[in-house]
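# Examination of the molecular architecture
The primary structure of each chain is shown beneath.
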Protein chains: 2
Amino acid sequence: MKAIALLGAPKTQWPLNLKQIVTLFKKNGDLVIGVDRGSLLIEEMGLIPDFAVGDFDSLKKTELAKIECDTADIRYSVPEKDLTDTELAVRYAFQDYHVETLTLVGSTGGRLDHFLTTLFMMLKPEFKPFVEKVEILDQQNSIKFYNSGKHNVKRLPNYTYFGIVPLTAVQNLKIVNAKYNLINFTSDYPVSLSSNEFLPKKSEFSLSFAKGIVAVIQSKDIIRYQNI
Amino acid sequence: MKAIALLGAPKTQWPLNLKQIVTLFKKNGDLVIGVDRGSLLIEEMGLIPDFAVGDFDSLKKTELAKIECDTADIRYSVPEKDLTDTELAVRYAFQDYHVETLTLVGSTGGRLDHFLTTLFMMLKPEFKPFVEKVEILDQQNSIKFYNSGKHNVKRLPNYTYFGIVPLTAVQNLKIVNAKYNLINFTSDYPVSLSSNEFLPKKSEFSLSFAKGIVAVIQSKDIIRYQNI
């Protein structure tokens, strides 16, 4: 079983076809998770979360009552707690529902401390077993995470660029079969090696490194400049 | 002299009054910098960058020609270079123009590898002297950076929340005079301690830590949910 969790950031950065994506998860019997206000946003799509977690402080009583009525599994978090609502969603999804993968949507485009909490949670020792099973997805980015070792990173359909983002100190990082290859890259602090590209005839590139956790961000351009 | 630099991310996350902000910089004789496509975006506001840097690859010839004609100081970067256009803008602003502070706009809301390149550049030893002089600003977030030591962090007008984000390993981090205080926090990896708040009657809180670089992200809510 796969899982998708919707967080509460503004819709501006949502994947354009998010309703279809969530509908497909429901149709396939996969797990749909509402994280706090994200539970309401799922209901506003006309869908029901299978599982909801949060303190639900920002919801009206009637909104929360409807979620409580609809959702089979609802768990209440405590503010000032050690784990955020998103971290609880990750823990429960993998430990209680034994999902194979978890896609997080609604993490970007809002408060940046919230986004970074979600990005950096993958560094917590508790989440190490899930590092390579979590994806952060928005309108033009897919972020996946890798433990040290050798990986073939597959190009996602319609994505053009990628960035290699060591989130920790990293040793002997190597990129092969990409537009810009790299050998023996070492850094004592996080860095984002951005604007790399897949080779035209390749559907993957090779990434290896000896220590640390690295995010790979695949991205695409979206032209949506507004007049100001 | 202060400086503001406009980067090329989509306008969706721009501060709502960006044109007024840039106009005020011009009016006060402060430095307005266009970073690559950002130079064009400044011209589209009806303003002229004082200084432009980039490879300008994404611009049409006529667009680049106009910038070359208007802008007193234009510098061409080389792709596959060690420093990004934004990093060159930071270096030139402080070293050649001796600016006191630099505000970066147009860094968020687009490709996340680009945003993280800008966020993490503050960890490079070359930029250590400028750490506390740089701000990343968007519609609902202000990110400032601190070297180890003791700091009084002042509340920005209309901002409600803040997150404390060690971007490196950090030791003995202490937060005092905030809604959620903290003592002796130590982490071996980056983490975002989000959703803290200023105390109602306080215009600042105290932050101290013994090692590393910490970002403080002040943020505010913006209600802009769209129908999907």
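First, a word on scope: everything that follows refers to the structure included in this document. (Residues numbered from 1 in each chain as written. Chains lettered and ligands numbered in written order. Predicted model: local features only at pLDDT ≥ 70, side-chain atom pairs only at ≥ 80, totals over all residues. Heavy atoms only, no water.)

### Digging into the overall build of chain A
Looking only at helices and strands, chain A features five helices and twelve strands. Taken over the C-alpha trace, chain A has a radius of gyration of 18 Å; the compact-globule value for 228 residues is 17 Å, and the two agree within 12%. Summarising its shape, the C-alpha atoms of chain A cover approximately 55 × 40 × 40 Å along the three principal directions. With 228 residues in all, chain A has 58% of them scored as buried. Of the roughly 9900 Å² that chain A leaves accessible, carbon and sulfur atoms contribute 51%. Between the mean site of the 27 positive side-chain charges and the mean site of the 26 negative ones, chain A shows a separation of 9 Å. (Helix = DSSP H or I, 4+ residues; strand = E, 2+ residues; numbered from the N terminus. Rg over C-alpha atoms; globule rule 2.2 N^0.38 Å. Buried < 20%, exposed > 50% of the residue type's maximum accessible area, 1.4 Å probe, protein only. Areas by Shrake-Rupley, 256 points an atom, 1.4 Å probe, with all protein chains shown as cover. Lys, Arg positive; Asp, Glu negative; His and termini not counted. Charge placed at Lys NZ, Arg CZ, Asp CG, Glu CD.)

### Details of the pattern of salt bridges
Residues and elements named next belong to chain B. Applying the stated criterion across every chain, the model contains 22 salt bridges over all chains. Ionic pairing is found between Glu126 and Arg91, a salt bridge with its closest N-O pair at 2.8 Å. Remark: Arg91 occurs in helix α4 (residues 85–95) and Glu126 occurs in the loop between α5 (112–121) and β6 (134–137); sequence separation between them is 35 residues. Among the residues examined, Glu126 registers a relative accessible area of 30% and is labelled partly exposed. The salt bridge involving Glu197 is made with Lys179; its shortest N-O contact spans 3.5 Å. (Salt bridge = Lys/Arg side-chain N within 4 Å of Asp/Glu carboxyl O.)

### Examining the interface of chain A and chain B
Between chain A and chain B, the contact holds 50 residues from the first and 50 residues from the second. The junction of chain A with chain B conceals about 4300 Å² of combined surface from both sides, 65% of it contributed by carbon and sulfur atoms. Where chain A meets chain B, there are zero salt bridges. Our enumeration of links across chain A and chain B arrives at 18 residue pairs in polar contact (both at pLDDT 80 or more). Elements represented by at least two residues in the side of chain A that touches chain B include exactly α2 (37–44), α5 (112–120), β7 (141–154), β8 (161–166), β11 (193–197) and β12 (204–219) of chain A. For the side of chain A that touches chain B, the element with the most residues is α5(A), which contributes eight residues. Split into classes, the residues belonging to the side of chain A that touches chain B amount to 24 nonpolar, 16 polar and ten charged. (Contact = heavy atoms within 4.5 Å. Buried area = accessible area lost by both parts, 1.4 Å probe. Polar contact = N/O pair within 3.5 Å; in protein donor to acceptor, adjacent residues only side chain to side chain. Nonpolar A, V, L, I, M, F, W, Y, C, P; charged D, E, K, R; others polar.)

### Notes on the environment of B:Thr160
Relative to the elements of secondary structure, B:Thr160 occurs in the loop between β7 (141–154) and β8 (161–166). Taking C-alpha positions, B:Thr160 is 7.3 Å from B:Gln218, a pair spaced 58 residues apart along the chain.

### Re the relation of the copies chain A and chain B
In the superposition of chain A on chain B (RMSD 0.0 Å, axial shift 0.0 Å), the rotation amounts to 180°. Expressed as an axis order, the relation between the two copies is that of a two-fold axis. Identified as the residue of chain A closest to the rotation axis by C-alpha distance is A:Gly109, at 3.0 Å. With an isologous cut-off of 70% or more, the 100% of interface residues of chain A that recur at the interface of chain B puts this contact in the isologous class. (Least-squares fit on C-alpha atoms with pLDDT ≥ 70 in both.)

### With respect to unusual backbone geometry
Although it is not a glycine, A:His98 adopts a positive phi angle of roughly 50°. Mapping A:His98 onto the fold places it in the loop between α4 (85–95) and β5 (101–105). Positive phi values are uncommon outside glycine, yet B:Asp36 reaches one of about 50°. When you line up the elements, B:Asp36 lands in the loop between β2 (31–35) and α2 (37–44).

### Describing the side chain of B:Ser219
Looking at the element boundaries, B:Ser219 is found in strand β12 (residues 204–219). Looking at B:Ser219, the relative accessible area reads 0%, which means it is buried. A polar contact is formed between the side chain of B:Ser219 and the side chain of A:Arg111, at a distance of 3.1 Å. In this structure B:Ser219 touches A:Arg111, A:Asp113, B:Gln140, B:Asn141, B:Tyr159, B:Thr160 and B:Tyr161, once residues within four positions along its chain are discounted.

### Concerning the packing of aromatic side chains
Two measures describe an aromatic ring pair: the distance that separates the ring centres and the angle between the ring planes. Residue and element names in this part refer to chain A. Enumeration according to the criterion identifies 16 aromatic pairs over all chains in this entry. Geometrically, the ring pair formed by Phe51 and Tyr97 is tilted, given 5.4 Å between the ring centres and 35° between the ring planes. Here Phe51 is found in strand β3 (residues 51–54), whereas its partner Tyr97 is found in the loop between α4 and β5, with 46 residues between them in sequence. Owing to a relative accessible area of 0%, Phe51 belongs among the buried residues under this scheme. (Phe/Tyr/Trp six-rings, centres within 6.5 Å; stacked < 30°, edge-to-face > 60°.)

### Some words on the packing of α2(B) against helix α3 (residues 61–70) of chain B
Residue and element names in this part refer to chain B. Across the interface, α2 lies against α3 with an axial gap of 10 Å and an inter-helix angle of 75°. Considering the angle they form, α2 stands roughly perpendicular to α3. Residues Ser39, Leu40 and Glu43 of α2 form the contact with α3, whose participating residues are Glu63, Lys66, Ile67 and Asp70. Looking at the contact of α2 with α3 residue by residue, the classes come out as two nonpolar, one polar and four charged. (Axes fitted to C-alpha atoms, helices over the stretch in contact; angles between N-to-C directions. Parallel < 35°, antiparallel > 145°, perpendicular 65-115°, else oblique.)

### Things to note about the packing of α5(A) against α5(B)
Remark: α5(A) packs on α5(B), axes separated minimally by 14 Å, with the N-to-C direction vectors making an angle of 100°. By the angle between their axes, α5(A) is roughly perpendicular relative to α5(B). Packed against α5(A), whose contacting residues are A:Leu112, A:Phe115, A:Leu116, A:Leu119 and A:Phe120, the element α5(B) presents B:Leu112, B:Phe115, B:Leu116, B:Leu119 and B:Phe120 at the interface. Of the residues belonging to the contact of α5(A) with α5(B), the class tally is ten nonpolar, no polar and no charged.

### Section: the environment of A:Ile175
Residue and element names in this part refer to chain A. Along the chain, the position of Ile175 falls in strand β9 (residues 170–176). Take Ile175: its relative accessible area is 3%, and that puts it in the buried class. Sequence spacing of Ile175 and Ser203 is 28 residues, and the spatial spacing of their C-alpha atoms is 14 Å. Other than its neighbours up to four places away in sequence, Ile175 contacts Ile164, Tyr180, Asn181, Leu182, Asn196, Phe205, Ser206 and Leu207.

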